[in-house]
Amino acid sequence: MSSAEHSDFEIRDYLRTDLFPHFMCPGCGHGIALRALLWALHELDISMDKLALVSGIGCSGRTAAYVDTNTMHVTHGRPLAFATGLKLARPDLEVVVITGDGDCLAIGGNHLIHACRRNLDLTCVMLNNEVYGMTGGQVSPTTSNDRFTTTTPLGNHEPVFDACELAAAAGASLVGREITLQTPSLKDLFRAALSHRGFSFVEVISDCTEIFGRKNDLGNSTEMILKQKSAIRPESYGNVVDQPFRPGNWSTGILARNERPEYGANYREHIVAKLAVAVKGRR
Amino acid sequence: MSASAQTQMRNLQGNHACALAAVAAGCRFYAGYPITPSSEIAERMAGELPQVGGVFIQMEDEIASIGAVLGASIGGVKAMTATSGPGFSLKQENLGYAMGAEIPCVVIDVMRGGPSTGMPTRPSQGDVMQARWGSHGDTVVIALVPDSVAEIYSQTIRAFNLSEQLRVPVVVLIDEIIGHLVETVAVPAPESLTLIDRKWADSPVDTFKPYAINGDDVPPMPRPGAGYRTHTTGLTHGEDGFPTQDPVLVAPMMDRILGKLERHRDLVDCFEAIDCEDAEILVVAYGITARAARRAVRRAREQGLRAGLFRPVTLWPFPEQALRSAAASAKTVLVPEMNAGQLCWEVERVCAGTPIARLNRVDGEVITPQQIEQQIMDLAAHE
Ligand SMILES: Cc1ncc(C[n+]2csc(CCOP(=O)(O)OP(=O)(O)O)c2C)c(N)n1
Ligand code: SF4
Ligand SMILES: [Mg+2]
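Residues numbered from 1 in each chain as written. Chains lettered and ligands numbered in written order. Predicted model: local features only at pLDDT ≥ 70, side-chain atom pairs only at ≥ 80, totals over all residues. Heavy atoms only, no water.

Draft legend 1. Molecular detail of the overall build of chain B. A count of helical and extended segments in chain B gives 13 helices and 15 strands. For 383 residues, the compact-globule estimate of 2.2 N^0.38 gives 21 Å, and chain B sits close to it at 21 Å. The principal-axis extents of the C-alpha atoms in chain B amount to approximately 70 × 50 × 45 Å. A fraction of 76% describes how many contacts in chain B between residues 6 or more apart in sequence connect residues 24 or more apart. Here chain B contributes 32 positive and 45 negative side-chain charges, whose respective centroids are spaced 2 Å apart. (Helix = DSSP H or I, 4+ residues; strand = E, 2+ residues; numbered from the N terminus. Rg over C-alpha atoms; globule rule 2.2 N^0.38 Å. Contact = heavy atoms within 4.5 Å. Lys, Arg positive; Asp, Glu negative; His and termini not counted. Charge placed at Lys NZ, Arg CZ, Asp CG, Glu CD.)

Draft legend 2. Just the overall build of chain A, in detail. From N to C terminus, chain A includes 11 helices and 10 strands. Compactness check: chain A gives a C-alpha radius of gyration of 19 Å against a globular reference of 19 Å for 283 residues, within 12% of the reference. Structurally, chain A occupies a C-alpha span of about 75 × 45 × 35 Å along its principal axes. The buried share among the 283 residues of chain A stands at 57%. Of the contacts formed within chain A by residues at least 6 apart in sequence, a portion of 66% connects residues at least 24 apart. (Buried < 20%, exposed > 50% of the residue type's maximum accessible area, 1.4 Å probe, protein only.)

Draft legend 3. Layout of the site of ligand 2. The local shell around ligand 2 consists of M24, C25, C28, H30, C59, N129, G133, C208, T209, E210 and I211 of chain A. Looking at side-chain class alone, the shell around ligand 2 contains 6 nonpolar, 4 polar and 1 charged residues. (Near = heavy atom within 4 Å. Nonpolar A, V, L, I, M, F, W, Y, C, P; charged D, E, K, R; others polar.)

Draft legend 4. Representation of the coordination of the magnesium ion (ligand 3) within the structure. All names here are of chain A. Coordination of the magnesium ion (ligand 3) by the protein is provided by D101 (OD), N129 (OD1) and V131 (O), with metal-donor distances spanning 2.1 Å. Positions of the donor residues of the magnesium ion (ligand 3) along the chain correspond to the pattern D-x27-N-x1-V. Of this pair, D101 sits in helix α4 (residues 101-106) while N129 sits in the loop between β4 (123-128) and β5 (131-132), and the two are 28 residues apart along the sequence. On the basis of relative accessibility, which here comes to 7%, the residue N129 falls in the buried class. (Donors = N, O, S within 2.8 Å, 3.2 Å for Na, K, Ca; no water.)

Have a look at this one:
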């Protein structure tokens, strides 16, 4: 089904509505991202019994608990480590990680690069709101230059991580980025990531309206999201070609895709082959 | 009886015995990061697990290793990691997660000298307090201290059983010397082993409460994929598994989790008491130090002194009652340990009123039988 087609997706079918009211601030982009993820899971007809959502600590990580599936809310920065064990032990489960820019790139950075390198069949969704939302708005590895946060009272002077370049360089076999305004495109990106066999990394440009937006006078959430739209170079418009002209902007869409042996299958095949040789040798 | 159904006498290195016992206990997932003096466990697991359909993975660090172990265990597979002091420190936060969310796992710590990088190839018993108190907050953990290669084998199997049965992390503290010692082990036939698997939830899905408090201390685990769709979190949770900070819900949950081991002392306690009945000088020792103490106590007895040995095999929770009765006639309790004095504080608490003598070494050398014997003599002379 393409994104243009009508979908019978009803988000409430997938949520633990008895937990409502939820704790996200009004206008927070994380909810839109979750909606797009559930929409993709719906279109792919992935059973909620067979899905495992593993999330880290942060507002991003808290979103997973609202989904009516197997949810594991683990320690700060470590969801990829937990997910690696879970997927290796239970290849029958569809394992999706939800993480934040701090969770994934700061405290969890080492786990990210090694998850990319291994290429285990996981989908990692990083909700990038440029800030530590949960802890009250401190600087993160993706905070843009000159932005104010509670720990950069004079504006951020630190170099900024490009998470997608990092993931691609480390070997993730599918890498993509999208903004929340383009929800159908985001949903399609999630579909591609979920269908991909190997490690896929999706960065969602989210917005922390309440804390980051307020602190930087970025307006309400609609205004923040619209600003994101003018700050991207969509893949379909040739984001690579466009780069010299719009250097500060985010390229969006699928940014890297390659077929590499999937870690779990490779482990099992490699072992079966080696054990067969060993048994033969013993005869 | 077929050959495979018989006990096999095998010469095994302690670390290898640990790995083989784990596999025999049903461990099918190992994640670890190399560190002396524990690495042989990982190396052996890397060879053994694929042969039994298990998975071995060398992770990027110890935090990831215990994370992967917990992920595998949540998935329903018995899982283990092994490390030494520096790695044990790194694992503490996720160990706390296993305590709070009640995820079974086995962590082997082959101890070396510390603090910090310390003495990588020298023995030490410096992690006994960290095993109990290493993670933040109020914690619940079992720690076992074997004193021989054979006991590494039996206690590693027991570690898995206890962990599954009580849904609690179990730490096995191995002395570097025993980890690297080769001894003869009577390896039991696999069929003869008593192996315990966690209770799986099988009640109706819609009314299932993953952390129900209903008299049975250890709730059954929901297997992902079986339709329960539950939430697992390190946040304090209610019976439904969802986060809460409501004191009315938190208090009974914490009471249940923290009191779990106390209420299962029958399963958890394990110790050895030698010549304690009339002992005036009681030696309390564990691991490799207990082997030296055993000899020292025997020699003291030969010389007419009333000496006895109390050896905890389950170190945490500490076998308080057992020690109290073993120390009933003691005029002095001597605690030799290869650290600057750690378990002596616990012994002092349990044997309040009885003078405690210490014998410590932090130079990377073992405490010898002669040293302990000498101190028993000195203590006897001063009585
Ligand atoms: C070990 C540890 N260190 C620090 C924290 C505090 N902490 C909680 S969430 C968070 C940052 C989350 O930021 P991010 O991942 O960007 O998520 P967001 O809230 O922005 O969605 C921090 C530092 C913690 N929970 N655990
Ligand atoms: S603090 Fe920011 S990131 Fe967290 S819920 Fe509110 S708007 Fe969203
Ligand atoms: Mg953030």
